[in-house]
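Below, each chain spelled out in residue letters.
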Amino acid sequence: MIKVILEAGAKIGRKASPPETMGPVAKAKLDSLRDRGFVMFDHLVGTPEFAKIQADLKKRIEGEMKFEFPCLAQTRIDQQKHADLIERSFRVPASELERRGLTFERSDIHSYEDLLERFKPSTLKLLMPDDHDYFSLWLDPLLLSVIEGYMGFQPILREAYVRRNFPCSYKVMNHNWHRDTNHQHHLLKAFIFFNECYVDTGAHRYIAGSVDSPLFRDKVYYSDEEIETVFPNGSNDHIISEVPAGTIILEDTRGLHKAGIPQRHYRDLGFAVFVPPMLFRGGSEYFTISKSVHASLMPGQQAYIGRSNIIG
Ligand SMILES: O=C(O)CCC(=O)C(=O)O
């Protein structure tokens, strides 16, 4: 009974009229998000604020190497020995990858160049730095107003991080088409592009209008061939995000999507995951924010941070 009431409650809000206070730009973005399941923002492209964070990010990744460990080393994958893992696109607990000798730690690397040469990771993940500039970008006011219009209430920022993706030989998890399952009814992800993206640098892909489609619901992952028989490359709903740096794509990732694999260079992508506030769920494993950085945000942004994420 409680489950039924909670389920009914969870659906409230979607498709409500936009608030009176919403400006025309946000209204147009909301219409597009409702219609297609995604919308793009370009108001930060070419701005000095964005360039500052881009430069800082490069320093944190290449200089300080403050990403998460252990990392999967593509150089340690053996086609025969790890055939079962390849088949599952490495969707197993990190402890299994460690046990099978496929990961490396911070203590294994001497420099960023050394890491690339010896381990060839497909992805490095950097948790959100405790820094005002990053949080104000992740909680951009125009983005928040569209998010609230779409959900019909104020959600929370559940996860906040950046991934650097490299060319790689083996597909890892979200290189395959899939639907996210963080929440059954309310889920939005913002993808923040830190470099310009083309097909050969790993453009993100999305199938517009697929959120409520009954198709492709019986497996976790789908191949390009499976998806392209229904949504061919170049068709109206098969969206390939070739975008300039500074673009933000807000997407209902309950729809079909996947990460492109760069064929050259690398791709830096910021992730912000928005879900309803959930009782009895801690959040600090996903990111933390100090009291002073929290205090520097606007009240409308502070409201997105769960109490368990605030430290110090
Ligand atoms: O990296 C991307 O382009 C997509 C990431 C993704 O599939 C996900 O976050 O679920």
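Everything numeric here is computed off the predicted structure, so don't read it as measured data.

Brief notes about the pairing of strand 7 (residues 204-207)
Alternating residues of strand 7 divide into His204 and Tyr206 and Arg205 and Ile207, and every residue in both groups is buried. With 4 bridges joining them, strand 7 and strand 8 (residues 238-241) adopt antiparallel strand pairing. Directly across from Tyr206, in strand 8, lies its bridge partner Ile239. Note: strand 7 against strand 10 (residues 257-258), 2 bridges, orientation antiparallel. Residue pairing across strands places Arg205 opposite Lys258, the latter belonging to strand 10.

Some remarks on the sheet that holds strand 8
The sheet built from 3 strands is open, its strands ordered 8-7-10 with antiparallel pairing. With partners counted over all chains shown, the strands left at the sheet margins are strand 8 and strand 10, one partner each.

Concerning the environment of Gln263
Turning to its location among the elements, Gln263 is positioned in the loop between strand 10 and strand 11 (267-275). Residue Gln263 is classed as exposed on the basis of its relative accessible area, which comes to 60%. For the pair Gln263 and Ile240, spaced 23 residues apart in sequence, the C-alpha separation works out to 15 Å. Other than its neighbours up to four places away in sequence, Gln263 contacts Pro167 and Asp200.

Some details on helix 6 (residues 112-119)
Among the residues of helix 6, Tyr112, Asp114, Leu115 and Phe119 are the ones counted as buried. All buried residues of helix 6 lie within an arc of 160 degrees about the axis, which places them on one face of the element. Of the exposed residues in helix 6, the ones pointing more than 90 degrees away from its buried face are Glu113 and Glu117. Next to the buried residues of helix 6 lie helix 3 (48-64), strand 3 (103-104), strand 4 (123-127) and strand 5 (156-165). Remark: Lys120 follows helix 6 within two positions and exhibits a positive phi of approximately 40 degrees.

Let's talk about the site of the ligand
Within the structure, the ligand sits among Asn174, His178, Asp180, Lys189, Phe191, His204, His257, Lys258, Ala259, Arg267, Leu269 and Phe271. Residue His178 places a side-chain N or O atom 3.0 Å away from an oxygen atom belonging to the ligand. Separating an oxygen atom of the ligand from a side-chain N or O atom of Arg267 is a distance of 2.6 Å. Residue assignment for the shell around the ligand shows that the elements contributing at least two residues are strand 6 (188-193), strand 10 and strand 11. Split by residue class, the shell around the ligand holds 4 nonpolar, 4 polar and 4 charged.

Procedures and definitions
Here the residue numbering is sequential within each chain, running from 1 through the sequence in written order. Residue-level local features of this predicted model are given only where pLDDT is at least 70; pairs of side-chain atoms are given and counted only at 80 or more, and the full residue set underlies all totals for whole chains, interfaces and linings. Based on all heavy atoms of the structure, the side-chain values leave hydrogens and waters out of the count. Burial here depends on accessible area, computed with a 1.4 Å probe over protein chains only, as a share of the maximum for the residue type. Under 20% is buried, over 50% is exposed, and the range in between is partly exposed. A run of H or I in DSSP becomes a helix once it reaches four residues, and a run of E becomes a strand once it reaches two; helices and strands are each numbered from the N terminus. For two strands to be treated as a pair, DSSP must find at least two bridges joining them. Two residues form a contact once any of their heavy atoms are found within 4.5 Å. The arc in question is the one traced by the directions running from the helix axis out to the C-beta atoms. Neighbouring residues are identified by heavy atoms, a residue being near a molecule or strand if any of them is within 4 Å of it. What qualifies as a polar contact is a pair of N or O atoms within 3.5 Å, subject to a donor-acceptor requirement within protein and to the restriction that residues adjacent in sequence count only when both atoms come from side chains. Gly is put with the polar residues, along with every residue not named as nonpolar or charged; the nonpolar set is Ala, Val, Leu, Ile, Met, Phe, Trp, Tyr, Cys and Pro, and the charged set is Asp, Glu, Lys and Arg.

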